[in-house]
Amino acid sequence: MKKDFSQTIGFFFLFCCILVTILLLFIIIYFVFVRGVKVISWEFLTQAPRAGMTAGGVAPAIVGTMYLTLGAIMFALPLGIAAAIYLCEYSPKGFAVNIIRMSINNLAGVPSVVFGLFGLTVFVKFFGFGVSMLSGCLTLGILVLPLIISAAQEALLAVPQSMREASLALGATHWQTIKKIVLPTSLPGILTGVILSIGRVAGETAPILFTAAAFYLRGYPKSIFSEVMALPYHIYALMTEGAHPQQQTAIAYGCALILLFLVLLVSTVAIFIRQKQRSYYG
Amino acid sequence: MRKFKEYIIEKLILASGLASIFFVIVIFLFLLKEGLAVFKIVTPANFLFGKNWYPISEPPQLGIFPLILGSLLVTLGAAIISVPIGIACAVYIAEVAPVRTKEILKASIELLAAIPSVVLGFIGMVTLVPWVKSIFKLPTGLTALSGSIMLAFMAMPTIVSIAEDALYSVPRSHKEGALALGATHWQTIYRVLLPAASSGILAAVMLGIGRVIGETMAVMMITGNAALMPHSFLQPVRTLTATIAAEMGEAVVGSEHYFALFAIGIVLFVISFAINITADLFLHRKR
């Protein structure tokens, strides 16, 4: 009797913990939604800011975030998948691979602001790209590289060895096996990782603080060497700079809603793909 | 011809694999190059343990001890909140929840991980900060406590998902053995499963803490950014990451201030390196 009682208490405690966590998550989403939806309008989504950030829209920031995200993924995706293929399919098992794997893990753990510093010295100063979209994309690309590599690695390792052996036994070359068998099989896993990293890039602020972002631009960026506005940086700037805190906070709610919507949409798609795939493979 | 094409592809793949390790080294080298210059002005000991951070006074005083303490204080607070709750969530998801609920809970935790830190910082600024101010009757709600609470949110998904993996990787036979001996499910969890998964859970906690120490935006927005020696949770503090992010924009390239910010970057890099290596060791000891 007493034992059952302690189990009831214990499980109740665990349940409370998870309930609080999930509730807070939904309160956050709901809160941003309710406050943000008031300022969202067609004008807000399609116009540039006006009157010292107190009126108009945030279209340049939305477009800027999309450019930065796309650029970063275009840079990191081929490099990351190739690195994962090398590590899983080609590299001899042993000390060197362990070192590489460990460096990648470490790269994933490096604080994002340190990537910002790196971007500043290497892309902005050393290569002379200046504070620009290009510097921002490359910095963000290096930030997500380890995430893409480890997601792709996991997906590749999940492909049964027997499938590779069967393909090789049929006379396919190593590369043919990878291209025709291993990659298609691991595609959903790789896709999940890539989509999750898109969400991550879109929300990152610290790496673009001093490599790409501008608080206010009149229009869209003209070339890869111009500064860009970005949603996450815009939220930060609205809350910490400027002379009209009241109106700026309202706009920040709108930006937060758009950013949250984009990021959660992307993550939901990724989670959905994963669950589908899981139920497919059992 | 086909052989040649494959040869090229394989070399390209090899090059990409090596590029990623190259980046780690390059990042560190560039940080070193810019950061070590500061030690021409201050000794490493004075830099790490100096109590005054006045980078633009004449001469500049570059002691980052208050910033280190700020980071530690916020991290400690976040860990106190997120570690027990995170582990409890992991146990609930891994052991107690029915299959259907489990999938929903896991997805929710993943959504929590997806919320950008700047959004969490923003929400903290408009909700938590005023509450902290009025509850504790403080002159400002921008305190270490507010930062800890918000950062606990960010550490949680990491802790939950890694601790959950650790619980799953405990062999079934352990659990079945305990149950067969007449232990209740609850006894099995805290006498058998948790100890067996302890090294994985420790790794989860470490990686969660690593996430918190490296967090920048939320911390910069809600901890008040006063570079003073912190004495309590109800004071504004400034962390290492926030210092870099807040001051790099104003630092003159090539000045002592600029080099000092890179030196802080080195400190952060070393801390995250140490945390990751240790967590890696814990994770591998398990296998």
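Conventions adopted
Residues numbered from 1 in each chain as written. Chains lettered and ligands numbered in written order. Predicted model: local features only at pLDDT ≥ 70, side-chain atom pairs only at ≥ 80, totals over all residues. Heavy atoms only, no water. Helix = DSSP H or I, 4+ residues; strand = E, 2+ residues; numbered from the N terminus. Buried < 20%, exposed > 50% of the residue type's maximum accessible area, 1.4 Å probe, protein only. Contact = heavy atoms within 4.5 Å. Lys, Arg positive; Asp, Glu negative; His and termini not counted. Charge placed at Lys NZ, Arg CZ, Asp CG, Glu CD. Expected span 1.5 Å × (residues − 1). Bend = angle between axes of the 7 residues up to and from the residue. Buried area = accessible area lost by both parts, 1.4 Å probe. Salt bridge = Lys/Arg side-chain N within 4 Å of Asp/Glu carboxyl O. Polar contact = N/O pair within 3.5 Å; in protein donor to acceptor, adjacent residues only side chain to side chain. Nonpolar A, V, L, I, M, F, W, Y, C, P; charged D, E, K, R; others polar. Patch = residues over 30% accessible without salt bridge, like charges linked within 9 Å, V, L, I, M, F, W, Y side chains within 5 Å. Areas by Shrake-Rupley, 256 points an atom, 1.4 Å probe, with all protein chains shown as cover. Axes fitted to C-alpha atoms, helices over the stretch in contact; angles between N-to-C directions. Parallel < 35°, antiparallel > 145°, perpendicular 65-115°, else oblique. Left-handed = near helix turned anticlockwise from the far one by under 90°.

J.: Tell me about the overall build of chain B, residues and numbers included.
T.: Along chain B, the regular secondary structure elements total 12 helices and 2 strands. Helices (α) and strands (β) of chain B occur, in sequence order from the N terminus, as α-α-β-β-α-α-α-α-α-α-α-α-α-α. Overall, the C-alpha framework of chain B stretches about 75 × 75 × 35 Å when taken along its three principal axes. Taken over 287 residues, chain B has a buried fraction of 56%. For chain B, restricting intrachain contacts to residue pairs at least 6 apart in sequence, the fraction spanning at least 24 positions comes to 71%. Looking at charge distribution, chain B has the averaged site of its 20 positive side-chain charges lying 6 Å from that of its 15 negative ones.

J.: A description of helix α6 (residues 133–157) of chain A should follow, citing residues and the corresponding values.
T.: Residues and elements named next belong to chain A. Here α6 is 25 residues long and its end C-alpha atoms lie 35 Å apart, about the 36 Å a rise of 1.5 Å per residue gives. Where α6 bends most, the angle comes to about 35 degrees, and this point is Val 144, followed within four residues by the proline Pro 146. Of all the 25 residues making up α6, 21 are buried; the element is thus mostly covered by neighbouring parts of the structure.

J.: Lay out the interface of chain A and chain B with the relevant residues and their values.
T.: Contact residues are listed per partner, giving 79 residues for chain A and 74 residues for chain B. Taken over both partners, the interface formed by chain A and chain B buries close to 6,800 Å², and the fraction arising from carbon and sulfur atoms is 80%. Of all residues in chain A, Leu14(A), Ile18(A) and Leu117(A) bury the most surface against chain B, accounting for 8% of the area lost on that side. One can count 1 salt bridge joining chain A with chain B. Residue Glu34(B) pairs with Lys125(A) through a salt bridge whose shortest N-O separation is 3.1 Å. Counting the contacts that link chain A with chain B gives 6 residue pairs in polar contact (both at pLDDT 80 or more). Of all the elements, helix α1 (residues 2–37) of chain A adds the most residues to the side of chain A that touches chain B, at 19 residues. Class assignment of the residues belonging to the side of chain A that touches chain B gives a composition of 55 nonpolar, 19 polar and 5 charged.

J.: Talk me through a nonpolar patch on the surface; I want residue IDs and the actual numbers.
T.: Residues and elements named next belong to chain A. Side chains of Phe 12, Phe 15, Leu 19, Val 20, Leu 23, Leu 24 and Ile 27 sit close together on the surface and give an oily, nonpolar patch of about 630 Å² of accessible area. Here Leu 24 shows up in helix α1. We classify Leu 24 as partly exposed; its relative accessible area is 34%.

J.: I'd like to hear about the packing of helix α4 (residues 99–114) of chain B against helix α6 (residues 144–168) of chain B, residue by residue, with values.
T.: Residue and element names in this part refer to chain B. Packing of α4 against α6 leaves a shortest axis separation of 8 Å and a crossing angle of 140 degrees. Considering their axes alone, α4 and α6 lie oblique with respect to each other. Considering the relative orientation of α4 and α6, their crossing is left-handed. Note on element contacts: α6 touches α4 through Phe 153, Met 156, Pro 157, Val 160, Glu 164 and Tyr 168, opposite Lys 102, Lys 106, Ile 109, Leu 112 and Ala 113. Split into classes, the residues belonging to the contact of α4 with α6 amount to 8 nonpolar, no polar and 3 charged.

J.: Quick one: what's the story with the environment of Leu240(B), residue by residue and with numbers?
T.: Residue and element names in this part refer to chain B. Along the polypeptide, Leu 240 turns up in helix α11 (residues 240–247). Judged by its relative accessible area of 1%, Leu 240 is buried. For the pair Leu 240 and Ile 213, spaced 27 residues apart in sequence, the C-alpha separation works out to 8.4 Å. Excluding anything up to four places from it in sequence, Leu 240 contacts Ile 64, Leu 67, Ile 68, Ser 71, Ile 264, Val 267, Leu 268 and Ile 271.

J.: Could you give an account of the environment of Leu156(A), with specific residues and numbers?
T.: Along the chain, the position of Leu156(A) falls in helix α6. A C-alpha to C-alpha distance of 38 Å links Leu156(A) and Glu227(A), two positions 71 residues apart in sequence.

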